[in-house]
Amino acid sequence: MPIKSLQIPTPDGQADGFAAFPDGGGRHPGVLLYPDAFGVRPVLREMAQELAGHGYYVLVPNLYYRTGPAPVVDLPEHIGEESRPALFGQLMPLIEEHTTDRVLRDADAYLRFLTAQPEVAAGPVATIGYCLGAVLAMRTATAHPGQVAAVAGFHPAALVTDAPDSPHRLVPELTAQVHIGLAEGDMTPEAIEEFNQALDAAGVGYTTEVYPGAVHGFTMSDTAAFDPSALQRHWDRLLPLLDRTLTKS
């Protein structure tokens, strides 16, 4: 699958990123894929290419573009438990700067760019994300209910908090179908119930599922959290969701 490096105009500058899409020309449904907290790196390219192989145009932005082009921190080839504290020491200030206002400005820009690409078909799009990216995917879907037909998040960061702008508080605005794939311990049973109640209020089709035995980060093959069976379950949930909500030519 071809990969194209891109510069995405935003109100705060140019966000670097890339797109993966099928060979052979034509136009394909658009998918906005938000990376996990470690950001854009080879494993994200592999995942985007896998998804493109199923007939989608996949846009992956560098979340931290305000700091610099990806990668904004030096990442080891394999992110083991021993390297996480130092990496998060560098990443947490960037994550904390990623306010809801910034997320929504970026989301507007990413969707505008995605839908303007000549390889992207007219019609609704999907937002998907991992860890921090799952929160961004949900915020994007709730802010653009007429445009986002599917949203999926895997091993998400906090979707239910006490904050006034907690992601779950805007879920009743959703029109998208939803899948949330959780590692054990990602959300308490009480938080899952509260999130599900918000989805019920939205009246959308959804599944929230704890993947047995999986730990946070299970989709990422370059981390110690990687779980091949949980990654496959993720594809088994994601691909049917996209297939029934996005129209392929």
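Structure shown above.
Reading guide: rules and limits
Residues numbered from 1 in each chain as written. Predicted model: local features only at pLDDT ≥ 70, side-chain atom pairs only at ≥ 80, totals over all residues. Heavy atoms only, no water. Phe/Tyr/Trp six-rings, centres within 6.5 Å; stacked < 30°, edge-to-face > 60°. Helix = DSSP H or I, 4+ residues; strand = E, 2+ residues; numbered from the N terminus. Buried < 20%, exposed > 50% of the residue type's maximum accessible area, 1.4 Å probe, protein only. Lys NZ or Arg CZ within 6 Å of the ring centre and 35° of its normal. Salt bridge = Lys/Arg side-chain N within 4 Å of Asp/Glu carboxyl O. Core = buried A, V, L, I, M, F, W, Y, C linked by side-chain atoms within 4.5 Å. Pairing = 2+ DSSP bridges. Axes fitted to C-alpha atoms, helices over the stretch in contact; angles between N-to-C directions. Contact = heavy atoms within 4.5 Å. Right-handed = clockwise from strand over helix to strand, strands pointing away. 1 Å grid on protein atoms, 1.4 Å probe; cavity = no way out; pocket = protein on both sides within 12 Å on 5 of 7 lines; lining within 4 Å. Points joined across faces, edges and corners; volume = space filled by probe spheres on them. Nonpolar A, V, L, I, M, F, W, Y, C, P; charged D, E, K, R; others polar.

### Concerning the packing of aromatic side chains
Both the distance between ring centres and the angle between the ring planes are used here to describe each pair of aromatic rings. Tallied over the full model, the rule gives 5 aromatic pairs. Where Phe-21 meets Tyr-57, the ring centres are 5.5 Å apart and the plane angle is 10°; that geometry is what we call stacked. With Phe-21 in the loop between strand 2 (13-20) and strand 3 (30-34) and Tyr-57 in strand 4 (residues 57-61), the pair connects residues that are 36 residues apart, well separated along the chain. Here Tyr-57 falls in the buried class, since its relative accessible area comes to 0%. Ring geometry for Phe-38 versus Phe-88: centroids 5.3 Å apart, planes at 55°, classification tilted. Residue Phe-38 is located in the loop between strand 3 and helix 1 (42-52), and its partner Phe-88 is located in helix 2 (residues 84-97); the two are separated by 50 residues in the primary sequence. For Arg-233, the ring lying beneath its charged end belongs to Tyr-211, and the centroid distance is 5.6 Å.

### Topic: the pattern of salt bridges
What the rule picks out here adds up to 8 salt bridges. Among the ionic pairs, Asp-36 bridges to Arg-41, the shortest N-O distance being 2.7 Å. On the basis of relative accessible area, Arg-41 is assigned to the buried category, the value being 4%. A salt bridge links Glu-209 to Arg-233; the nearest nitrogen and oxygen atoms lie 2.8 Å apart.

### Details of the nonpolar core
With 53 residues, the main nonpolar core has Met-138, Leu-174 and Phe-195 as its most contacted residues. If you look at the next biggest cluster of nonpolar residues, it comprises 34 residues, including Leu-33, Met-47, Tyr-56 and Leu-241.

### Observations regarding the sheet that holds strand 7 (residues 177-182)
The pairing of strands in a sheet comes from backbone hydrogen bonds and takes either a parallel or an antiparallel form. Spatially, 1-2-4-3-5-6-7-8 is the arrangement adopted by the 8 strands of the open sheet, whose pairing is mixed. The open sheet has two free edges, formed respectively by strand 1 (3-10) and strand 8 (206-210), since each of these has just one partner strand. Averaged over neighbouring strand pairs, the angle between their axes works out to 20° when direction is ignored. Strand direction decides the pairing type here: strand 3 and strand 5 (residues 125-130), joined by 4 bridges, are parallel. Residue pairing for strand 5: Leu-32 is matched across the bridge by Thr-127. Taken strand by strand, helix 3 (residues 100-116) contacts strand 1, strand 2, strand 3, strand 4, strand 5 and strand 6 (148-154), and its axis lies near 130° from that of strand 1.

### Observations regarding the pairing of strand 3
Counting buried positions along strand 3 yields 5 of 5 residues, so the element is predominantly enclosed. Neither face of strand 3 is exposed, since Gly-30, Leu-32 and Tyr-34 on one face and Val-31 and Leu-33 on the opposite face are all buried. Looking at chain direction, strand 3 and strand 4 are connected through 3 bridges and run parallel. The residue of strand 4 that forms the bridge with Val-31 is Val-58. On the question of chirality, the crossover connecting strand 3 to the parallel strand 4 by way of helix 1 is right-handed.

### With respect to unusual backbone geometry
Residue Pro-71 is reached from Ala-70 by a cis peptide bond, and omega for that bond is -5°. Inspection of the secondary structure assignment puts Pro-71 in the loop between strand 4 and helix 2. The phi dihedral of Cys-131 falls on the positive side, at around 60°, and the residue is not glycine. Within the secondary structure, Cys-131 sits in the loop between strand 5 and helix 4 (132-143). Located in the positive-phi region is His-155, a residue other than glycine, with phi close to 35°.

### Considerations on empty space enclosed by the protein
Here the structure, examined in full by the defined rule, presents 2 cavities of 30 Å³ or more. Its boundaries defined by the atoms lining it, the largest cavity holds a volume of some 60 Å³. As for the largest cavity, its lining consists of Leu-63, Tyr-64, Arg-66, Thr-67, Leu-94, Glu-97, His-98 and Arg-102. Residue classes in the lining of the largest cavity are distributed as 3 nonpolar, 2 polar and 3 charged. The wall of the second largest cavity is formed by Phe-38, Gly-39, Val-40, Asn-62, Tyr-64, Ala-70, Pro-71, Val-72, Val-73 and Leu-75.

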